[in-house]
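# Secondary and tertiary structure notes
One letter stands for each residue in the lines below.
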Amino acid sequence: LGSFGPQQIVTINASFAQSVFASDLDGDGDLDLLSASLNDNKVAWYENLNGMGDFGPQQIITTTAGRALHVIAADLDGDGDSDVVSSASQDNTVAWYENFTLDDCNDNSIPDDCDLANETSTDCNGNDIPDDCETDCNENGMADECEIAVGMGTDCNMNEILDDCEPDCNTNGVPDDCDISFGTSDDCSGDGVPDTCEADCDTNGIPDICDIAVGNSLDCNSNNIPDDCEIANGSELDCNGNAIPDDCEFQTMFSDRSAIDTSFNGAWDLIAADLDGDNDLDVIASSINSDEVTWYENTDGLASFGPRQVITSLVNGPRFLAVADVDGDNDLDVLSSSEYDGKTAWYENTDAMGTFGPQLRIDYTYGGGSIWAVDIDSDGDIDVLSLTGPSGVISWYENTDGLGTFGSRIIISFLVGGSGPAYAADIDNDGDYDVITVSSSGNGSAWYENTDGNGNFGSEQIFPLSEQPSSISAADLDLDGDLDVVLSHSTFGNSYVSWHENVDGEGNFGPRQTITTDIDLVMSVFTADLDGDGDVDVLSASYNDDKIAWYENVNGQGTFGPQQIISDIADSTRRVFAGDLDGDGDVDVLSSAYAGDRIDWYENSALNDCNVNRVLDECDINRFWSSDCNNNNVPDDCEPNGEDGYLGDLIVCLAGPNSGQGPGCTCFDFDEDGDNDLVDFAVLQTLYNQ
């Protein structure tokens, strides 16, 4: 890395060369070179002959650019190739030169117009395109348009595609759209598919999608399959026989906020992680106004948080945090990036109990920005990724010894358009960390491939129809085995949360799919399975409307339900995070509120499934998978005094009349003799204390 070979000369015919630029000028997939030279008024290019850096002779674009100073390339006319722009000091001009690529559609090295003039290709329809480049869906050697014109094929819908090449789901020899337009097939849903080809699980002659639309069938999970069919075919359970799929009876609700800190001046970033090694999630937070990075111990694993413990106050405007084992000693250290002093730093967890050492600086930059701690170069230790703002430089720092000694900044791109978020994830499924951030123009979102797993990054790849992100997350939203990307965009009057599908698992992304626009100045997004159904849902935090909200992934395919508000009193929400804070098996929510000076959490309360085992509570009890000692229809392991198993319920049962059976206590009459088995109490207590 960083070792260069000897000088390789491209040309010596650029007198007083002032500027060079690399771009794929000939469209062959490799980078060619441009030069601008002052003394000979020349703009020229050099072909990369083999994609390996062997360049051909100078090819002159112009020699009239009076004292040429600069040259760049971009697709100025939108025709898919790179044109050239130059500036010249002598004649005070900025000029551009169109890239004319000769059309050779059949790749026979003969321009198309010559092909036709010399009759080496035919043109049956006179459109100046060789026939072998035209659509020939049935591969009979004749362009479809010409087949239709001479009556050799039919085109019922006049779209210049032969009928026998069009979709014909019912194989009646008529394209589906003509079937529908001629009235020979119905299309109740208007989706362009004849009804006879649509799913009809109950065989009533009406497509399922239409049965649902008119209310003849219920579809509680919005997957376009009637509930009764899902139950009948076994794809959904109905343990209580009420004709409602069990999955639709589970309800995810969040409690009102529970305070962790109510006087944290200018609360900003937060993370949940186990800092003290006791197997529960503690909370780490930053305050941009009081200039502190702090943590709060989860004292009992049930989300009872201790007082604020300061990790450092030697920061000025800490905005972003990260947590990772930086020094390889099997505990979690903390990293911070602060805006006003430009510091990127880390703090060693010296005893694995949350005692932190002094600030260890990684770099000083202009304006602290996003920070990630991941293994960029695949050497088994934690490196650091950062995006500094407002200068907009995305870079990384190598952990040179695995102990937290960091090398100098390695630039990924100077071209990131100002400040913004950065995110590290394996976008192309090749086992290393790529980077998602702001596009070079500053008007969109882009990702950079870690091309070799060693931290060498390729050029930016733009997300289609994206705008500058305010927050980024990555998760497999459609359960196809690759990472999709969630982006939020936030400007006054134009805020939304959206996602882009990773269509091939290699980082080729589909268009923007909006999750919500009912949000005002969204600052943070997070992905987690909030409802415990095995797919990934989305969380958002928005500043102007004080909202913390979530969006259910209703079908595991990235179809999201309406906004469900967790809180709208957060008072200028900055961050949202999710994790199992109270150790009950579901995912709770954390938030920070800038103006409210608060860190809060919200308990995930799974209605109808209190023990989060994806079995309805009533079925748990009826099938004896859970006991209900007091017959209150709540599984005993969810009762407040049942934290130690059944023992708390046994104590309640023992309080029955005359220490006898007591109402609802048959579950402790092991020998069925009509009373509680007191002789087994000590044994039972011993078993549950193990």
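Our structure is the block above this text.
An account of the accompanying structure is given in this report. Not measured: the values here are computed from a predicted model. (Residues numbered from 1 in each chain as written. Predicted model: local features only at pLDDT ≥ 70, side-chain atom pairs only at ≥ 80, totals over all residues. Heavy atoms only, no water.)

Okay, the state of the cysteines next. Applying the stated criterion across every chain, the model contains six disulfides. Paired through a disulfide, Cys137 and Cys165 show a sulfur-sulfur distance of 1.7 Å. In this structure, the disulfide formed by Cys137 and Cys165 twists by about 80 degrees around the S-S bond and is classed as right-handed. Of the two residues, Cys137 sits in the loop between helix H1 (112-117) and helix H2 (144-149) while Cys165 sits in the loop between H2 and helix H3 (176-181), which places them 28 residues apart along the sequence. Cys165 gets classed as partly exposed once you look at its relative accessible area, which sits at 30%. (Disulfide = S-S within 2.5 Å. Helix = DSSP H or I, 4+ residues; strand = E, 2+ residues; numbered from the N terminus. Buried < 20%, exposed > 50% of the residue type's maximum accessible area, 1.4 Å probe, protein only.)

This part is about the layout of surface pockets. Estimated volume of the largest pocket: approximately 920 Å³. Forming the boundary of the largest pocket are 37 residues, of which Phe320, Trp372, Ser471, Ile472 and Arg575 lie nearest the centre. For the lining of the largest pocket, the residue count by class is 21 nonpolar, twelve polar and four charged. Empty space within the second largest pocket amounts to approximately 560 Å³. Along its surface, the second largest pocket is lined by 33 residues, and Asp247, Asp531, Asp533, Glu552 and Arg614 are the ones closest to its centre. Counting only elements with at least two residues in the lining of the second largest pocket, the list comes to helix H6 (246-249), strand E8 (251-254), strand E32 (547-553) and strand E37 (604-607). Within the lining of the second largest pocket, the residues separate by chemical class into eleven nonpolar, twelve polar and ten charged. (1 Å grid on protein atoms, 1.4 Å probe; cavity = no way out; pocket = protein on both sides within 12 Å on 5 of 7 lines; lining within 4 Å. Points joined across faces, edges and corners; volume = space filled by probe spheres on them. Nonpolar A, V, L, I, M, F, W, Y, C, P; charged D, E, K, R; others polar.)

A grouping of Asp75, Asp77, Asp79 and Glu98 is seen on the molecular surface, where their side chains present a negatively charged patch. Positionally, Asp75 belongs in the loop between strand E5 (68-74) and strand E6 (83-88). Using a relative accessible area of 35% as the deciding quantity, one classes Asp75 as partly exposed. (Patch = residues over 30% accessible without salt bridge, like charges linked within 9 Å, V, L, I, M, F, W, Y side chains within 5 Å. Areas by Shrake-Rupley, 256 points an atom, 1.4 Å probe, with all protein chains shown as cover. Salt bridge = Lys/Arg side-chain N within 4 Å of Asp/Glu carboxyl O. Lys, Arg positive; Asp, Glu negative; His and termini not counted. Charge placed at Lys NZ, Arg CZ, Asp CG, Glu CD.)

Another point: the sheet that holds strand E3 (residues 42-46). Backbone-to-backbone hydrogen bonds join strands into a sheet, with any given pair of strands oriented parallel or antiparallel. An order of E1-E2-E3-E4 is seen for the four strands of this open sheet, with the pairing classed as antiparallel. Sheet topology places strand E1 (17-23) and strand E4 (59-62) at the edges, where each strand pairs with a single neighbour. For this sheet, the mean inter-axis angle between neighbouring strands, taken without regard to orientation, is 25 degrees. (Pairing = 2+ DSSP bridges. Axes fitted to C-alpha atoms, helices over the stretch in contact; angles between N-to-C directions.)

Here E32 lies mainly inside the structure; six of its seven residues are buried. Strand direction decides the pairing type here: strand E31 (residues 537-542) and E32, joined by five bridges, are antiparallel. Within the sheet, the bridge partner assigned to Leu539 lies in E32 and is Trp550. Linking E31 back to E32 in an antiparallel pair, the connection comprises four residues, with Asp546 at a positive phi of about 60 degrees.

What follows deals with the packing of aromatic side chains. A full pass over the atoms with the stated rule returns seven aromatic pairs. With 6.3 Å between their ring centres and 75 degrees between their planes, Phe254 and Trp550 make a pair best called edge-to-face. Within this pair, whereas Phe254 is found in strand E8, its partner Trp550 is found in strand E32, the two being separated by 296 residues in sequence. No difference in accessibility class separates Phe254 from Trp550, as the two residues are buried. Judged by centre distance (4.6 Å) and plane angle (45 degrees), the rings of Phe526 and Phe577 are tilted. In this pair, Phe526 is assigned in strand E30 (residues 522-528) and Phe577 in strand E34 (residues 573-579), connecting sequence segments 51 residues apart. Each member of the pair, Phe526 together with Phe577, is buried. Here the aromatic residues Trp268, Tyr543 and Tyr594 are joined through ring pairs into a cluster of three or more. Lying across the ring of Trp268, Arg574 places its NZ or CZ 3.6 Å from the centre. (Phe/Tyr/Trp six-rings, centres within 6.5 Å; stacked < 30°, edge-to-face > 60°. Lys NZ or Arg CZ within 6 Å of the ring centre and 35° of its normal.)

Here we come to empty space enclosed by the protein. The full count for this structure, using the stated rule, is two cavities of 30 Å³ or more. In this structure, the second largest cavity occupies an estimated 40 Å³ of space. Taken together, Ser466, Glu467, Gln468, Pro469, Leu487, Ser488, His489, Tyr496, Ser498, His500 and Arg512 form the lining of the second largest cavity. Elements supplying a minimum of two residues to the lining of the second largest cavity: strand E27 (484-491) and strand E28 (494-500).

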